[in-house]
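An overview of the molecular structure
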Amino acid sequence: MRISKNKSVSVTYDLNVGEGAERELMERATTERPLKFIFGTGGMLPAFEEHLKELEQGGKFSFSVAPEDAYGEYREDFVVEIPKKVFEVDGKFDSEYVKEGATLPMLDSDGARMMGSVLYVKDNLVMMDFNHPLAGETLHFEGEVLDVHEPDEEELYALNQASHGGCDDDCGGCGGGCGCH
């Protein structure tokens, strides 16, 4: 069976960034812990899927994805100073949670969720970077297709959960029409 829309796919890969001898391993999916996804449902980078399209079980791949087709170029305007008081809970700043290197969930001015990395904390401000950690990087993938099959009920259920953000109060605690059941 070939990889095509709505097929369940399982792959191993090494993801490296950088060029030549300077490449650095960022992520690895192994035979024990492969990447599993349903092809063509929006869960993966389109450029990643395009390179896997039509491969079969046992097919090997090696390709690169440019920043503009991955997580975009690194943008300095995504690095922002936020007043420290924004991070206070009950008038207290949590220095155990908000510290250099931490990745924190935040809301933008429209209420959309996004993740930000704390670059540093100073007297009255927190410097955060809202770029994706791989922004500006060319992604180099090398791997193998382990399996391609029609998705089973469990895989479709997991896809439905992911596309609806799981069950929460928005669907009435499951059974409220969100498709969780």
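Here is a short report on the structure shown in this document.

**Quick look at the nonpolar core**
One finds Val11, Leu139 and Phe141 to be the most contacted residues of the largest nonpolar core, which totals 23 residues. With ten residues, the next largest nonpolar core counts Val98, Ala102, Val126 and Met128 among its residues.

**Some thoughts on the pairing of strand E1 (residues 8-17)**
Counted residue by residue, E1 has nine buried out of ten residues, so it is predominantly covered. Of the strand pairs in this sheet, E1 and strand E3 (residues 35-38) are connected by four bridges, and their pairing is antiparallel. Note that in E3 the partner of valine 11 across the bridge is leucine 35. Relative to strand E11 (residues 139-149), E1 is paired through ten bridges, and the arrangement is antiparallel. Residue pairing for E11: threonine 12 is matched across the bridge by glutamate 144. Here E1 runs beside strand E2 (residues 24-29); their pairing, made up of five bridges, is antiparallel. The residue of E2 that forms the bridge with tyrosine 13 is alanine 29. Counting the residues that bridge the hairpin from E1 to E2 gives six residues, and of these glycine 18 lies at a positive phi of roughly 100 degrees.

**Quick word on the sheet that holds strand E9 (residues 113-121)**
Pairing in this open sheet of four strands is antiparallel, and the strands run E5-E10-E9-E8 from one edge to the other. Whereas interior strands pair on both sides, the edge strands pair on one side only; in this sheet they are strand E5 (79-83) and strand E8 (103-107). When the angles between neighbouring strand axes are averaged without regard to direction, this sheet yields 45 degrees.

**A short note on the packing of aromatic side chains**
Per the stated rule, a full pass over the model turns up seven aromatic pairs. Ring centres of tyrosine 13 and phenylalanine 141 lie 5.6 Å apart, and the angle between their planes is 70 degrees; this geometry places the pair in the edge-to-face category. In this pair, tyrosine 13 is assigned in strand E1 and phenylalanine 141 in strand E11, connecting sequence segments 128 residues apart. Under the relative-accessibility criterion, tyrosine 13 is labelled buried at 7%. Using a relative accessible area of 6% as the deciding quantity, one classes phenylalanine 141 as buried. Between the aromatic rings of phenylalanine 61 and phenylalanine 63, the centroid separation amounts to 5.7 Å while the plane-to-plane angle is 35 degrees, which identifies the pairing as tilted. Grouping aromatic residues by their ring pairs yields a cluster made of Tyr13, Phe37, Phe48, Phe61, Phe63 and Phe141. The ring of phenylalanine 93 is capped by lysine 84, whose NZ or CZ atom sits 4.6 Å from the centre of that ring.

Rules of the game
Residues numbered from 1 in each chain as written. Predicted model: local features only at pLDDT ≥ 70, side-chain atom pairs only at ≥ 80, totals over all residues. Heavy atoms only, no water. Core = buried A, V, L, I, M, F, W, Y, C linked by side-chain atoms within 4.5 Å. Buried < 20%, exposed > 50% of the residue type's maximum accessible area, 1.4 Å probe, protein only. Helix = DSSP H or I, 4+ residues; strand = E, 2+ residues; numbered from the N terminus. Pairing = 2+ DSSP bridges. Axes fitted to C-alpha atoms, helices over the stretch in contact; angles between N-to-C directions. Phe/Tyr/Trp six-rings, centres within 6.5 Å; stacked < 30°, edge-to-face > 60°. Lys NZ or Arg CZ within 6 Å of the ring centre and 35° of its normal.

That is the geometry; function is a separate question.
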